[in-house]
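If you want the building blocks of each chain, they are given just below.
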Amino acid sequence: QVQLVESGGGLVQPGGSLRLSCAVSGTIFSRDNMGWYRRPPGKQREFVALITIGGGSTRYADSVKGRFTISRDNAKNMVYLQMNSLKFEDTALYYCNYNRDGQYDYWGQGTQVTVSS
């Protein structure tokens, strides 16, 4: 079992930055992956970024490449999403995800990011 708690969301102007954090607890394996997803208003949840717990390899959605950076601190059981150059279309509820064995997904409760002038 894995528990995830996100924090760091808020209101930011276009072009601004935010850093989301995800605290992870429970049984964690280096072979598993963690990531961030988001659900924009009126839309389905979509992939944002992924990082492998063991090797730290990353992958990003095309819409955030070059602007967002996912990272992890295994010693602290934390995963982060640094979001720069935020756009209106980045407004969404952001979820932390833990994927076990490519099969089982655990989710946090979500943290709201609103980009508005």
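How each quantity is defined
- Residues numbered from 1 in each chain as written.
- Predicted model: local features only at pLDDT ≥ 70, side-chain atom pairs only at ≥ 80, totals over all residues.
- Heavy atoms only, no water.
- Helix = DSSP H or I, 4+ residues; strand = E, 2+ residues; numbered from the N terminus.
- Rg over C-alpha atoms; globule rule 2.2 N^0.38 Å.
- Buried < 20%, exposed > 50% of the residue type's maximum accessible area, 1.4 Å probe, protein only.
- Contact = heavy atoms within 4.5 Å.
- Areas by Shrake-Rupley, 256 points an atom, 1.4 Å probe, with all protein chains shown as cover.
- Pairing = 2+ DSSP bridges.
- Lys, Arg positive; Asp, Glu negative; His and termini not counted.
- Salt bridge = Lys/Arg side-chain N within 4 Å of Asp/Glu carboxyl O.
- Polar contact = N/O pair within 3.5 Å; in protein donor to acceptor, adjacent residues only side chain to side chain.
- Core = buried A, V, L, I, M, F, W, Y, C linked by side-chain atoms within 4.5 Å.

Peer 1: Help me out: how do you make sense of the overall build of the chain in this one?
Peer 2: Counting its secondary structure elements, the chain contains zero helices and eleven strands. In the chain, the succession of α and β elements from N to C terminus is β-β-β-β-β-β-β-β-β-β-β. A compact globule built from 117 residues would reach a C-alpha radius of gyration of about 13 Å, and the chain, at 13 Å, matches this within 12%. Along the first, second and third principal axes, the C-alpha set of the chain runs to 40 × 25 × 25 Å. Evaluated residue by residue, the chain yields a buried proportion of 42% over its 117 residues. Sequence-distant contacts, at least 24 apart, represent 52% of the contacts inside the chain between residues at least 6 apart. On the chain, roughly 6,100 Å² of surface is accessible, and the fraction owed to carbon and sulfur atoms is 46%.

Peer 1: Looking at this model, I keep getting lost on the pairing of strand β9 (residues 92–100). Mind explaining?
Peer 2: Within β9, eight of the nine residues are buried, which leaves the element mostly enclosed by the surrounding structure. Summarising the sheet, strand β4 (residues 33–39) and β9 pair through seven bridges and their orientation is antiparallel. Counterpart to Arg 39 in the pairing with β9 is Leu 93. In the sheet, β9 pairs with strand β11 (residues 111–115) via three bridges, with the strands oriented antiparallel.

Peer 1: Looking at this structure, how should I read the side chain of Glu 6?
Peer 2: Its place among the elements puts Glu 6 in strand β1 (residues 2–7). The buried charged residue Glu 6 lacks any salt bridge, with Arg 45 as its nearest oppositely charged partner at 8.1 Å. Looking at Glu 6, its side chain comes within polar contact range of the main-chain nitrogen of Gln 109, at 3.0 Å. Engagement of the side chain of Glu 6 in a polar contact is seen with the backbone nitrogen of Gly 110, the distance being 2.9 Å.

Peer 1: Help me understand the nonpolar core in this model?
Peer 2: The nonpolar side chains of a soluble globular protein tend to be buried, and buried together. Formed by 29 residues in total, the largest nonpolar core has its most connected members in Leu 4, Met 34, Trp 36, Leu 81, Met 83 and Tyr 94. Contributing elements (two or more residues each) for this core: β1, β3 (18–26), β4, β5 (46–52), β7 (68–73), β8 (78–83), β9 and β11. Apart from residues no more than four positions distant in its own chain, Leu 4 is found in contact with Cys 22, Ala 23, Val 24, Met 34, Cys 96, Asn 97, Tyr 98, Tyr 106, Trp 107, Gly 108 and Gln 109.

Peer 1: In this structure, what is going on with the pairing of β7? I would like to understand it.
Peer 2: Each regular strand shows side chains that alternate between the opposite faces of the sheet. As paired strands, β7 and β8 are joined by six bridges and run antiparallel to one another. The residue of β8 that forms the bridge with Phe 68 is Met 83. Between β7 and β8, which pair antiparallel and follow one another directly, the connecting turn spans four residues, one of which, Asn 77, has a positive phi of 55°.

Peer 1: What is the right way to look at the environment of Trp 36 in this model?
Peer 2: Residue position: Trp 36 is located in strand β4. Assessed through its relative accessible area of 0%, Trp 36 is described here as buried. For the pair Trp 36 and Phe 88, spaced 52 residues apart in the sequence, the C-alpha separation amounts to 18 Å.

Peer 1: Even after reading the chapter, I still don't get the pattern of salt bridges, so can you show me in this structure?
Peer 2: Where charged atoms from two side chains of opposite charge approach closely, those side chains can pair. Per the counting criterion, the structure on display carries six salt bridges. For Asp 32, the salt bridge is made with Arg 100, and the minimal N-O distance between the two is 3.3 Å. One end of the pair, Asp 32, is in the loop between β3 and β4; the other, Arg 100, is in strand β9, with 68 residues separating them in the sequence. With a closest N to O distance of 3.1 Å, Lys 65 and Asp 62 form a salt bridge. Across the pair, exposure class does not vary: Lys 65 and Asp 62 are exposed alike. Through salt bridges that share partners, Arg 38, Glu 46, Arg 67 and Asp 90 make up one connected network.

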